[in-house]
Number of protein chains: 2
Amino acid sequence: MILSALLTSVGINLALSLLYFALYSILRKQPGNVEVYAPRSVAEGKSRQDGGSDFNLERLLPSANWLKRAWQPSEDELLSKSGLDAVVFMRIFIFSMRVFAFASVIGIFVLLPVNYMGNQLEFDFIGLQNSTLESFTISNVNDGSNRLWIHFCAVYVFTVFVCCLLYFEYSYISSKRLAFFYSSKPEPQQFTILVRGVPVPSGTSVGHNVESFFTEHYPSTYLSHCVVHRTSKLKTLINDADKLYKKLVRLKSSQGEERFKRAGFMGLTGRRVDLVDHYERKLEDAEVNVRTEQSSIAVKEVRAAFVSFKTRLGAAIASSIRQGVNPTEWVTEPAPHPQDVYWPFFSASFTKRWICSILVFGAFIILTILFLVPVLIVQGLTHLDQLEFYFPFLKSILRITFVSRIVTGYLPSLILQGFLYFVPPIMIMLSSIQGYIAMSQIEKSACIKVLFFTIWNIYFANVLSGSALYRANILLEPKEIPALLAVAVPGQATFFIAYVVTSGWTGTCSELIQLKRLLLSSIRGIFGRNSRDDFEVPSIPYHSEIPGILFFSLLGATYFFLAPLILPFLVVFYCLAYIIYRNQLLNVYSPAFETGGKFWPIVHGSTIFSLVLMHVVAIGIFGLKELPLASSLMIPLPILTLIFNNYCLRRFLPAFKDYSAESLIRKDKDDENDPTISTFFAELENAYRDPALDIQYSRTDERINTPLLA
Amino acid sequence: MILSALLTSVGINLALSLLYFALYSILRKQPGNVEVYAPRSVAEGKSRQDGGSDFNLERLLPSANWLKRAWQPSEDELLSKSGLDAVVFMRIFIFSMRVFAFASVIGIFVLLPVNYMGNQLEFDFIGLQNSTLESFTISNVNDGSNRLWIHFCAVYVFTVFVCCLLYFEYSYISSKRLAFFYSSKPEPQQFTILVRGVPVPSGTSVGHNVESFFTEHYPSTYLSHCVVHRTSKLKTLINDADKLYKKLVRLKSSQGEERFKRAGFMGLTGRRVDLVDHYERKLEDAEVNVRTEQSSIAVKEVRAAFVSFKTRLGAAIASSIRQGVNPTEWVTEPAPHPQDVYWPFFSASFTKRWICSILVFGAFIILTILFLVPVLIVQGLTHLDQLEFYFPFLKSILRITFVSRIVTGYLPSLILQGFLYFVPPIMIMLSSIQGYIAMSQIEKSACIKVLFFTIWNIYFANVLSGSALYRANILLEPKEIPALLAVAVPGQATFFIAYVVTSGWTGTCSELIQLKRLLLSSIRGIFGRNSRDDFEVPSIPYHSEIPGILFFSLLGATYFFLAPLILPFLVVFYCLAYIIYRNQLLNVYSPAFETGGKFWPIVHGSTIFSLVLMHVVAIGIFGLKELPLASSLMIPLPILTLIFNNYCLRRFLPAFKDYSAESLIRKDKDDENDPTISTFFAELENAYRDPALDIQYSRTDERINTPLLA
């Protein structure tokens, strides 16, 4: 790619970003959009939803005061408003900004001039245009030149800097996590475990067995239990009844013809019936069904139960020590928060869950490999000649300079984005089949899956296919990886710069606009539906956001010494993303769950992977550039990095898995002085009861006068 | 290698084995050898050590009644005499016998005729002698022949058979382990944990901190603690004093000149001194030193302690839940049995232990790789032509048929054995540096290390170097491994048959003779030393025995369908080893520790590895033999085997790591009815006290009248 194509792409995206900024600052001032741009304050009742329709000019002018409001709150305020996960999420940006600001200084002021001063490329291709971006990359440094030692030192310095930052960040977030736990109020999940695989000898019930097992083994700490029921049928029935009820409300409020309909074929023939009567009878039937189902639910016990304890330590003991003699029975794990419980594919059986996890693992691998097909097609677009060869009728269009620039510079990453749009939901589905019992666990697992997927399908597939060296079996020849990467990675520098500006800049700015929700809200406004019923504050999808951000770090790390031109674009991206996500977390997203910062280990692991990948590429590059000594001296670096990682895992990771006995006991002691604790324990006994079981479903008696699901 | 060379080797080893058998049956009847061949009954006082010197002819005739006595005891008797580890050790032989008896039936009656009926080799080398062993291997089956499907089916059937056996064996040993735990008496290690990294603020002592931490956090179950001291200097002093004491005893008992010596140069000049006086004074000094050191030991506290609890569950809770907020402090683990505690390189510091384990890991890898040098030299011996090329002066000797047969058939494996002799002690040393705190843990870890070492250095190095295809970087090209192995593995069949008869048959039979101990005992007898003082019942070195046995299983599995001729030799080996080790466990070795069968997971893992290696070789072989469909259909087999392994690990492995809460509580409840439990708890408080601290060292007062270390 030549410089002008890149500039086109940067230009388009810069314009788009500014446009989005302006648009956002106008749209958010429209009172009708308050539900889209400040749902949190709506939910808290601070903002009037339909108030203040008085028009003034200021509402149509873009302004920047939202930036200030997003910037001002301190980390503690963010913590209190959005939880620790949001703080950790913002720490990713701060960490990345620090890393790449440092890298930019080295890259732009040291490496870039060195690269530019070389003349290897002129040497290789006589008469090459000076305007290609290649002359800013390491490819332009002369083979065997001692200037490559500058790159060598840069890699070492960068690695040491990143490792130090990683260490302090891990330590900082650990301490935040602990402080967050100490300052937390008693919460049901701290006192509760989920036990699965309860053995049920014939003639006894699950509840009875759970009760006797835990009263016998933990007489001093056992509090109560709550057996899990198969309620999917009941939930369907309740939903059906709800729909009927809503229909009825609409019919009653509407007047005239709508109420009547012919009973015959397609509502055109037969006698006229009163639809209100018709639906009322149907609703009555539905309610009878619900009540029958509710009363028969007792027999639909699943061999699993939530067991609550009187102390946090009691719950931690029961969840961390194997309970049953047989490892497939009495399988315990910490319970999630009652609102976080989510198990569309819940199973109490050990073997079933094991089979599911094996199947999901297989499906994930197959999906990741099959996704190469669209990636390969997209890569074809950057090679215009190939495209012209396969689709000759496009030749005339593609010859237009502007079109060719758009096609090569902008379209490939846009199409990739389109495909990638479907990946996070698929991974969420896979993770939920895997046997996780909470939305937070599913998102965390999906986050790791999406990250692997992104690295493999965006980074490796692009790098290796783009350089026409693509071979799916590269992983089977690990010895050749450094050399292969050394050839392929620098060649894709411009593609990835374009990717940063497209996906990074514009993608992040479009986050501001919330296009989907804006459209939904407009449609609702047009059709006059009462939107308050369906109003819901969204939560931030960590499983799709975090891998995206980490992927940019991977790009930054591997291109840091190859093509330092990418670094300023990255720094701009992180600054943009920092302020935008801060704004969104404060105004739009409310936390759906709280993991206490459990996403950080993923960030740490991904950064270590980026560093090691950078070292592997460096080993290859120095070999290729005829500086074998530098190549050999690079080998200890990945080993040392992995040893450092091993230390961090042992030093910090345990704190992210569970809390220590010391902390738990300290919190338990605090409770003793808490006057509200007895109320809490009374509530705890019913905290994990399925709400579907408790609904007093009797719409027909009260008719439409009571609110839904009283 | 031709058939006659193999027969020479088999002949030599068969003769040696029979000789050993005969020798053993004679030697064991000699009353002077009872210490060597029945140390257990000597230790139990059943057998008179020096009695019955009445000579009769029967003592010089070989007999076989010891075989009957070794065969008769049931598994339960073995369990009560030698513990669960010995039973598990014997199960390895039973398991292997079953596997290879089954494999022999298939191999000899199905595969061998099929191989022999082929004529691929005649095709390849016209005029080849029929007597080469190659015609019994898969190499002789015609390329692309449909008969190869018989081999294909054999691999599938064998895998299914082994997996079923593995499952039942794992299940059987799990249940044995549990029954063993239930029937055990209260033991100190069940109630005790080791805690390291005790934080000691200035002005406090370790003991005080441990006491206050555990009384605060576990008020109901905490019993007592015992701080670890740095006693290495004290132990050296005690040893020195002991040596002086023994010298003094000898001097006093000897008469005349020996007592006096000149004080000057080399004992030749100067005035005569009474050595008894001299040593008595020295001993007094030494005792003063010991006492000074004992009194100053209090300040030599290490930041670690053994903490005992009133219940097994209490100890299990404290060891399985992270205690300290900081994961590097209050690090707990289950304590070993007091007699099992062994820590030449003990360290209480988290960081130091981490560094040690990293260093040991590096050292292990380097050692494993460097060991290739002797292996390569040994391999040179099987290629006589190479040897003649490098050492031309040997040519005339090597031309003698018998010499060449010995050199190619027998010597290589013998030399390998010599080198391998030093491996287990080195691995023990590495494992002890790694931070394990018990001899049993060190032996288990060393066992895994030796196993890896053996597989890499005997199997792979031989296979790959022997076929002149040796490349150290094979692991860097995993895709080529099957094809490479397919070429290389069958070529080494005869070498490994020779290895089985040399190392397997003769090696195991020489175990009977206990040459080293026999020589030591004879030397002692000749020099008239009182051997009773130094008498010690040996323990079986699992870390060197188990990898050897597992290595034979690996050979059997990979050669099962390639060269079934190896199978009968293996079955003979297992039968021999079964009866010999049974005899040794009953008469010679007494258990030094009891892991409760924790060695079995190593056996399981190694068997799974053997199966997968067999599949990889099969994939390569079928590809090489121009039957690509069979090669592809073989690919699911290793995947299914690994999935099976995953299931077994989840189903059975937890039971080998720790006991469940259910079992622990059941045992704790049993204790309540045990009248001796209060005595036990009283003893428990001092069970982990270092004996060096308690020695009332006052030899000089009592002079030589009291036994050593009263």
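Quick caveat: nothing in here was measured; it's all calculated off a predicted structure. Starting from 1, residues in each chain are numbered consecutively following that chain's sequence as written. Both sets of labels track the order of writing: A upward for chains, 1 upward for ligands. Where totals are concerned, whole chains, interfaces and linings use all residues; where local detail is concerned, this predicted model gives features only for residues with pLDDT of at least 70, and gives and counts side-chain atom pairs only at 80 or more.

Moving on, we get to the overall build of chain A. Working definition: helices are DSSP H or I runs of at least four residues, strands are E runs of at least two. Numbering for both runs from the N terminus. Scanning chain A from terminus to terminus reveals 32 helices and six strands. Each residue is classified by how many other C-beta atoms fall within 10 Å of its C-beta atom, where C-beta atoms are placed from the backbone; a count of 20 or more means buried, 12 or fewer means exposed, and values in between mean partly exposed. The proportion of buried residues among the 710 residues of chain A is 39%. Considering only contacts in chain A between residues 6 or more positions apart, those separated by 24 or more positions represent 80%. By definition, residue pairs are in contact when their C-beta atoms, positioned from the backbone, come within 7 Å.

Moving on: the relation of the copies chain B and chain A. Placing chain B over chain A gives an RMSD of 0.1 Å and needs a rotation angle of 180°, together with 0.0 Å of translation along the axis. Within this description, the copies of the chain are treated as partners about a two-fold rotation axis. Copies overlap after least-squares fitting; the atoms used are the C-alpha atoms of residues with pLDDT of at least 70 in both.

Right, let's talk about the sheet that holds strand β2 (residues 222-229) of chain B for a bit. All names here are of chain B. Pairing within the open sheet is antiparallel, and its four strands lie in the order β2-β5-β1-β6. In the strand order of this sheet, the two ends are held by β2 and β6 (331-334), each with one partner. Taken pair by pair, the neighbouring strands of this sheet meet at an average axis angle of 25°, ignoring direction. A pair of strands counts as paired when DSSP detects no fewer than two bridges linking them. A fitted line through C-alpha atoms serves as each axis, taken over the contacting stretch for helices, and the angle formed by two N-to-C directions is quoted from 0 to 180°.

In this section: the pairing of β2(B). Residue and element names in this part refer to chain B. The buried fraction of β2 amounts to six of the eight residues, a majority that puts the element mostly inside the structure. Two elements, β2 and strand β5 (residues 301-309), share six bridges in a ladder whose sense is antiparallel. Paired with Y222 across the bridge in β5 is F309.

Turning our eyes to something else, we now look at the packing of helix α12 (residues 312-320) of chain A against helix α29 (residues 661-672) of chain A. At a closest axis distance of 8 Å, the pairing of α12(A) and α29(A) adopts a crossing angle of 145°. In contact with R312(A), L313(A) and A316(A) of α12(A), α29(A) contributes A661(A), L664(A), I665(A), K667(A) and D668(A).

Turning next to the nonpolar core. Among buried residues, those of type Ala, Val, Leu, Ile, Met, Phe, Trp, Tyr and Cys that are joined through C-beta atoms within 7 Å form a set called a nonpolar core. Counting 303 residues, the largest nonpolar core has A305(A), V500(A), I566(A), A305(B), V500(B) and I566(B) as its most contacted members. Apart from residues lying up to four places away in sequence, A305(B) is in contact with V195(B), V198(B), V206(B), V210(B), H225(B), C226(B), V227(B) and V228(B).

Chain B puts 31 residues into the contact, and the matching count from chain A is 31 residues. Among the elements of the structure, α11 (312-320), α12 (350-370), α27 (636-657) and α28 (661-672) of chain B are those that each provide at least two residues to the side of chain B that touches chain A. The greatest single-element share of the side of chain B that touches chain A, amounting to six residues, is contributed by α27(B). Of the residues assigned to the side of chain B that touches chain A, the class counts are 16 nonpolar, eight polar and seven charged. We call Asp, Glu, Lys and Arg charged. Ala, Val, Leu, Ile, Met, Phe, Trp, Tyr, Cys and Pro are nonpolar, and the rest, Gly among them, are polar.

Turning to the sheet that holds strand β2 (residues 222-229) of chain A, a few remarks are in order. Residue and element names in this part refer to chain A. On the basis of which strands lie adjacent, the open sheet formed by four strands has the order β2-β5-β1-β6 and antiparallel pairing. Single-partner strands in this sheet number two, and they are β2 and β6 (331-334). Along the sheet, successive strands turn relative to each other by an average axial angle of 25°, direction set aside. Here strand β1 (residues 192-196) pairs with strand β5 (residues 301-309) via five bridges, running antiparallel. Opposite R196, over in β5, you have A304 as the bridge partner. Against the sheet, helix α9 (residues 206-217) engages β1, β2 and β5, with an angle of about 155° to β2.

Assignment of secondary structure puts P591(A) in the loop between α25 (566-587) and α26 (600-624). Here P591(A) is in contact with S82(A), G83(A), D85(A), A86(A) and S539(A), once residues within four sequence places are set aside.

With that settled, the discussion passes to the packing of helix α1 (residues 3-27) of chain A against helix α22 (residues 493-513) of chain A. If you want to describe how two helices pack, look at the angle between their axes and the distance between the axes. Residue and element names in this part refer to chain A. Axis separation between α1 and α22 bottoms out at 9 Å; the angle between their running directions is 10°. In terms of their interaxial angle, α1 and α22 are classed as roughly parallel. Of α22, the residues touching α1 (which contributes L6, S9, V10, N13, L16, S17, Y20, F21, L23 and Y24) are T494, I497, A498, V501, T502, W505, T506, C509, S510, L512 and I513. Among the residues making up the contact of α1 with α22, the classes are represented as 14 nonpolar, seven polar and no charged. Oblique is the label for any angle not covered by the other classes, which are roughly parallel (under 35 degrees), roughly antiparallel (over 145) and roughly perpendicular (65 to 115).

With that settled, the discussion passes to the domain arrangement of chain A. By a frequent convention, interface size equals the accessible area lost on bringing the separate parts together. All names here are of chain A. For chain A, the assigned domains are domain 1 (3-179 + 456-666) and domain 2 (188-336 + 673-705). Taken residue by residue, the interface counts four residues in domain 1 and four residues in domain 2. Of the residues contributing to the side of domain 1 that touches domain 2, the split by class is three nonpolar, no polar and one charged. Segment limits for the domains were obtained from an automatic or database-derived domain assignment.

One non-glycine residue with positive phi stands out, namely E626(A), at about 60°. You can see E626(A) is positioned in the loop between α26 and α27 (628-634). Phi is positive for W330(B), which is not a glycine, with a value near 50°. Residue W330(B) is classed as buried on the basis of its C-beta count, with 24 C-beta atoms lying within 10 Å.

Turning next to the environment of F21(A). All names here are of chain A. The residue F21 is located in helix α1 in this model. When the 19 C-beta atoms within 10 Å are taken as the criterion, F21 is described as partly exposed. Along the sequence, F21 and S224 sit 203 residues apart, while their C-alpha atoms lie 53 Å from each other.

Helix length check: helix α1 (residues 3-27) of chain B, at 25 residues, gives a terminal C-alpha distance of 35 Å against a target of 36 Å (1.5 Å per residue), a fit within 8%. Of all the residues in α1(B), the buried ones are A5(B), L6(B), S9(B), N13(B), S17(B), Y20(B) and Y24(B). Every helix has an expected span of 1.5 Å times one less than the residues it contains.

The next subject is the confidence of the model for chain A. All names here are of chain A. pLDDT is a residue-level measure of predictor confidence that goes from 0 to 100. Across chain A, the average pLDDT comes to 82, with 86% of residues at 70 or higher. This model gives residues 126-130 a pLDDT under 50, and the stretch forms four contacts once residues within four places in sequence are excluded. A low-confidence stretch, residues 700-710 stays under pLDDT 50, and its non-local contacts, those more than four residues away or across chains, total eight contacts. Across the interface, the model reports ipTM at 0.84; the global pTM reads 0.86.

With that settled, the discussion passes to the environment of S296(A). Relative to the assigned elements, S296(A) resides in helix α11 (residues 275-296). Taking C-alpha positions, S296(A) is 60 Å from V571(A), a pair spaced 275 residues apart along the chain.

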